[in-house]
Amino acid sequence: MDLLIPIAQAAEGITDTGITDAGKAIALGVGAGLGSIGAGIGIGIIFGKEIESVARQPEMKDELQAIRWLGFALTEAVAFYTFIFGLIAFFL
Amino acid sequence: MSTKRKILLGIGVWLGGAIALGVLFGSDGKNEEFKPQNEFKLDAWIPIEIGGVDVSINRAVFYLVLASALTVGVMVWISRRMAQKPNRVQTAVEVAYDLTRNNITGGNLDAKMAARWFPFLATLFFFIWFSNVIGYLPLPTNTHESIDIFGLQMPAFAIYAATANISIPLALTLVVWVSYHVEGVRAKGPIGYLASWLPPGLEDMNPAMKGFIFVIEAISQFARLISLSVRLFANILAGHLLLLFMGGGLAVLLGLAALGALTFPVAFAFFVLELGLIATLQAFIFSILTAIYLGGATAESH
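Residues numbered from 1 in each chain as written. Chains lettered and ligands numbered in written order. Predicted model: local features only at pLDDT ≥ 70, side-chain atom pairs only at ≥ 80, totals over all residues.

1. Structural notes on the overall build of chain A
Here's step 1: Along chain A, the regular secondary structure elements total three helices and zero strands.
Here's step 2: Seen in sequence order, chain A has helices and strands lined up from the N terminus as α-α-α.
Here's step 3: In chain A, which comprises 92 residues, the proportion classed as buried is 12%. (Helix = DSSP H or I, 4+ residues; strand = E, 2+ residues; numbered from the N terminus. Buried ≥ 20, exposed ≤ 12 C-beta atoms within 10 Å, placed from the backbone.)

2. What about the overall build of chain B?
Here's step 1: Each helix and strand in chain B was counted, giving eight helices and four strands.
Here's step 2: Listing each helix as α and each strand as β along chain B from the N terminus yields α-β-β-α-α-α-β-β-α-α-α-α.
Here's step 3: Taking 2.2 N^0.38 as the reference for a compact globule, 302 residues should give roughly 19 Å; the C-alpha atoms of chain B span a radius of gyration of 25 Å, well beyond that estimate.
Here's step 4: Summarising its shape, the C-alpha atoms of chain B cover approximately 75 × 65 × 55 Å along the three principal directions.
Here's step 5: In chain B, buried positions account for 25% of the 302 residues.
Here's step 6: Taking as baseline every contact in chain B between residues at least 6 positions apart, the subset at least 24 positions apart corresponds to 66%. (Rg over C-alpha atoms; globule rule 2.2 N^0.38 Å. Contact = placed C-beta atoms within 7 Å.)

3. Details of the interface of chain A and chain B
Here's step 1: Listed per partner, the contact involves 10 residues of chain A and 11 residues of chain B.
Here's step 2: Its residues assigned to classes, the side of chain A that touches chain B shows 10 nonpolar, no polar and no charged. (Nonpolar A, V, L, I, M, F, W, Y, C, P; charged D, E, K, R; others polar.)

4. Structural notes on the packing of helix H2 (residues 59-80) of chain B against helix H4 (residues 111-134) of chain B
Residues and elements named next belong to chain B.
Here's step 1: It is the contact of H2 with H4, at a shortest axis distance of 9 Å, that shows an interaxial angle of 125°. Taken together, the axis directions place H2 and H4 in an arrangement best described as oblique. Handedness of the crossing formed by H2 with H4: right-handed. Contacts between H2 and H4 involve Tyr 63, Leu 66, Ala 67, Ser 68, Leu 70, Thr 71 and Met 75 on the former and, on the latter, Phe 126, Phe 127, Phe 130, Ser 131 and Ile 134.
Here's step 2: In terms of residue class, the contact of H2 with H4 is made up of nine nonpolar, three polar and no charged. (Axes fitted to C-alpha atoms, helices over the stretch in contact; angles between N-to-C directions. Parallel < 35°, antiparallel > 145°, perpendicular 65-115°, else oblique. Left-handed = near helix turned anticlockwise from the far one by under 90°.)

5. What to know about the packing of helix H3 (residues 61-91) of chain A against helix H7 (residues 207-254) of chain B
Here's step 1: At a closest axis distance of 9 Å, the pairing of H3(A) and H7(B) adopts a crossing angle of 75°. On the basis of the axis angle, H3(A) is roughly perpendicular to H7(B). Where H3(A) approaches H7(B), its residues A:Ala77, A:Phe80, A:Tyr81, A:Phe83 and A:Ile84 are matched on the opposing element by B:Val230, B:Arg231, B:Ala234, B:Asn235 and B:Ala238.
Here's step 2: Taken together, the residues of the contact of H3(A) with H7(B) sort by class into eight nonpolar, one polar and one charged.

6. Focus on helix H1 (residues 3-25) of chain B
All names here are of chain B.
Here's step 1: With 23 residues, H1 extends 33 Å from end C-alpha to end C-alpha; this agrees with the ideal 33 Å at 1.5 Å per step.
Here's step 2: The element H1 is largely exposed, with a buried count of zero among its 23 residues.
Here's step 3: Two residues or fewer past H1, Gly 26 is found with a positive phi of approximately 65°. (Expected span 1.5 Å × (residues − 1).)

7. A look at the nonpolar core
Here's step 1: The biggest cluster of nonpolar side chains holds 50 residues, and the ones touching the most others in it are B:Phe125, B:Ile128 and B:Phe286.
Here's step 2: Breaking this core down by element, the ones donating at least two residues are helix H2 (16-56) and H3 of chain A together with H2, H4, helix H5 (167-188), H7 and helix H8 (257-298) of chain B.
Here's step 3: Counting residues per element, this core draws most heavily on H8(B), at 11 residues.
Here's step 4: If we ignore the near neighbours within four places in the chain, the residues touching B:Phe286 are B:Leu124, B:Ile128, B:Leu228 and B:Leu232. (Core = buried A, V, L, I, M, F, W, Y, C linked by C-beta atoms within 7 Å.)

8. Regarding the confidence of the model for chain B
Residues and elements named next belong to chain B.
Here's step 1: Residue-level pLDDT values for chain B average 85, and 99% of them are 70 or greater.
Here's step 2: For chain B, per-element mean pLDDT is lowest for strand E3 (residues 139-149), which scores 74, and highest for H5, which scores 92.
Here's step 3: As a predicted assembly, this complex carries a pTM of 0.84 together with an ipTM value of 0.73. (pLDDT = per-residue confidence, 0-100.)

9. Brief notes about the environment of B:Thr298
All names here are of chain B.
Here's step 1: For Thr 298, the position within the fold is in helix H8.
Here's step 2: On the basis of neighbour counts, which here come to 21 C-beta atoms within 10 Å, the residue Thr 298 falls in the buried class.
Here's step 3: Residues Thr 298 and Val 230, spaced 68 residues apart in sequence, show a C-alpha to C-alpha distance of 25 Å.
Here's step 4: Residue contacts for Thr 298: discarding those within four places in its chain leaves Met 113, Glu 183, Gly 184 and Ala 187.

10. Focus: H8(B)
Here's step 1: Over its 42 residues, H8(B) extends 58 Å from the first C-alpha to the last, a length consistent with the 62 Å expected when each residue adds 1.5 Å.
Here's step 2: Of all the bends in H8(B), the largest measures some 40° and sits at B:Glu274. (Bend = angle between axes of the 7 residues up to and from the residue.)

11. Details of the environment of A:Ala79
Residues and elements named next belong to chain A.
Here's step 1: Relative to the helices and strands, Ala 79 is located in helix H3.
Here's step 2: Sequence separation between Ala 79 and Ala 32 is 47 residues; the distance between their C-alpha atoms is 7.2 Å.
Here's step 3: Excluding anything up to four places from it in sequence, Ala 79 contacts Gly 35, Ser 36 and Ala 39.

Shown next, in the form of structure tokens:
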């Protein structure tokens, strides 16, 4: 951040707090946005594999269902970890 | 008219209506007064301070007491009026009881451990479930704002959940974390328990590498504290934030009335998802992970 301040101050009307706010907004955006990419791919893989497995062995459907929700919740939570750290950066 | 055309027409009316509203009313400019984080602020309703520690009664305490009272009340009420021919409420509770008994406890613990830990695991499940579900009922708890209902000044309706505050999931996690370590030490002894953290198949490895792996495993034990609590907290908090912003918060913040018309159906869809899936799923995940940790700490070999 310190490196950017002199460059930005060359343009008029941009203050130090403005740059800090921009940094915080970027942190939240990257945390919530990029973080969900990985979790999205992971959830896609979980449901795709489950469909594949049920297609191969339909009698395993009930057992796979419980494992699928476990995997879904564990993967989904990863997106929220980054989101929470984004919020911490934004508000604190 | 085919289904596809009906759907396209519906989306067209929705988007067109929002654009028409946007053209009619325009933007009032950014609203600086509205602070979204105030929706999660805890006002001390009854200020109490003991030895410099703030233990005031606030919104989170209210939701915590409400969830505990509901958990105890509903379960005791159902068990008192058990009938041969169950009605709908009894059937629903029986399904949940069956889930906690056979799936969560029975599937991960051996018979002796299951008998000992089933009450704890079932209580965890039902408490978190009630806590999550009452979090989606708008209750008059927002003391920052007040609304006028038939001449009566009431706090504004707001949604909040005990589990949307990090303290409650963290307290539950600490109880779980300490109890599974105690169970592990009780089953294998202190040295045996610590040795059982190492994954199997390392017998031929030199001690330095073993120590390195042990450090990693020890870190992963502490990471469970964060992952278990933050998973529950962040899921519920993110759900509430989404509902807040989609259900009008974004429109108020930006002063764009048309945006509210655009985002409100999204808020409704998220409300159904959160209440129907996430509330139950998070309670299930928290208690099944507790059972898995307990089972892993006491299992003879991996």
